[in-house]
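Here is how the chains run, residue by residue.
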Amino acid sequence: MTRSKAPNRSAARLAAVQALYQLEMEKPQLHLLLDEFHMHRLGAEIEDDQYLEADVAFFDDVVRGVAARRDEIDDVLTRRLADGWSISRLDRTMLQILRAGAYELMARADINVGTVIGEYLDVAHAFFDARETKFVNGLLDAVAKDVRK
């Protein structure tokens, strides 16, 4: 990976999904998790890979926002899942991608819908195949129709 000179929101989104996954699985205190990412992951070199410099304020906003509004976000997502599906059936990484995207759609009116969906499709491509990324696209598009009226 290459290093960017300017803080990068795309890198912040990917890191936010990773942090949210860690929060879900290990349940650390939020401030300790954020500190770990600030000091050791964002823009760091890990196993000879140099990670992009992330927009730290944006990363913090997404992680803190999802953590604070998790129940509300999950309700919005649940309303748009197909019959018979629930949040608990979703892959844990997929769920964090959807939560982060839904948070931005709900709370960040300064970022247009196409940008939010496109960015989280890119994140989904890092973890999943085309079928799953189509799911992310469809669900976030439906969420956008609910929350961006």
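Since the structure is predicted, the reported quantities are computational estimates derived from the model, not experimental observations.

Reading guide: rules and limits
Residues numbered from 1 in each chain as written. Predicted model: local features only at pLDDT ≥ 70, side-chain atom pairs only at ≥ 80, totals over all residues. Heavy atoms only, no water. Helix = DSSP H or I, 4+ residues; strand = E, 2+ residues; numbered from the N terminus. Polar contact = N/O pair within 3.5 Å; in protein donor to acceptor, adjacent residues only side chain to side chain. Core = buried A, V, L, I, M, F, W, Y, C linked by side-chain atoms within 4.5 Å. Buried < 20%, exposed > 50% of the residue type's maximum accessible area, 1.4 Å probe, protein only. Contact = heavy atoms within 4.5 Å. Expected span 1.5 Å × (residues − 1). Axes fitted to C-alpha atoms, helices over the stretch in contact; angles between N-to-C directions. Parallel < 35°, antiparallel > 145°, perpendicular 65-115°, else oblique. Left-handed = near helix turned anticlockwise from the far one by under 90°.

Visitor: Quick question: what am I supposed to make of the environment of Asp55 here?
Guide: Locating Asp55 in the fold gives a position in the loop between β2 (49-50) and α3 (56-68). Measuring from C-alpha to C-alpha, the distance between Asp55 and Gly43 comes to 9.6 Å, with 12 residues separating the pair along the chain. A polar contact is formed between the side chain of Asp55 and the backbone nitrogen of Ala57, at a distance of 3.3 Å.

Visitor: Where do I start with the nonpolar core in this structure?
Guide: Soluble globular proteins tend to bury their nonpolar side chains together. Phe59, Leu77, Ile97, Leu98, Tyr120 and Val136 are the most contacted members of the largest nonpolar core, which has 46 residues in total. Those elements that provide at least two residues to this core are α1 (9-26), α2 (30-40), α3, α4 (70-80), α5 (92-107), α6 (113-127) and α7 (130-147). No other element matches the nine residues that α5 contributes to this core. Leaving out residues up to four positions away in the same chain, Tyr120 has contacts with Arg13, Val17, Val62, Ile97, Ala100, Gly101, Glu104, Val136 and Leu140.

Visitor: Even after reading the chapter, I still don't get unusual backbone geometry, so can you show me in this structure?
Guide: For residues besides glycine, phi is generally negative; the peptide bonds are generally trans as well. One non-glycine residue with positive phi stands out, namely Lys27, at about 55°. One can find Lys27 in the loop between α1 and α2. Assessed through its relative accessible area of 60%, Lys27 is described here as exposed.

Visitor: I tried to follow α5 on my own but got confused; where do I start?
Guide: An α-helical turn contains 3.6 residues, so any two residues separated by three or four positions project in the same direction. In a regular helix each residue adds 1.5 Å, so 16 residues correspond to 22 Å; α5 covers 22 Å between its end C-alpha atoms and thus fits that length. The buried fraction of α5 amounts to 14 of the 16 residues, a majority that puts the element mostly inside the structure.

Visitor: Help me understand the packing of α5 against α7, please; the structure alone is not making it clear to me.
Guide: Helix packing for two helices is described by the angle between their axes and how far apart those axes are. Packing of α5 against α7 brings their axes to within 10 Å, and their N-to-C directions diverge by 30°. Here α5 lies roughly parallel to α7, going by the angle between them. You can see that α5 and α7 cross each other, and the crossing is right-handed. Residue-level inspection shows Met94, Ile97, Leu98, Gly101, Ala102, Leu105 and Met106 of α5 in contact with α7, the latter providing Glu132, Phe135, Val136, Leu139, Leu140, Val143, Ala144 and Val147.

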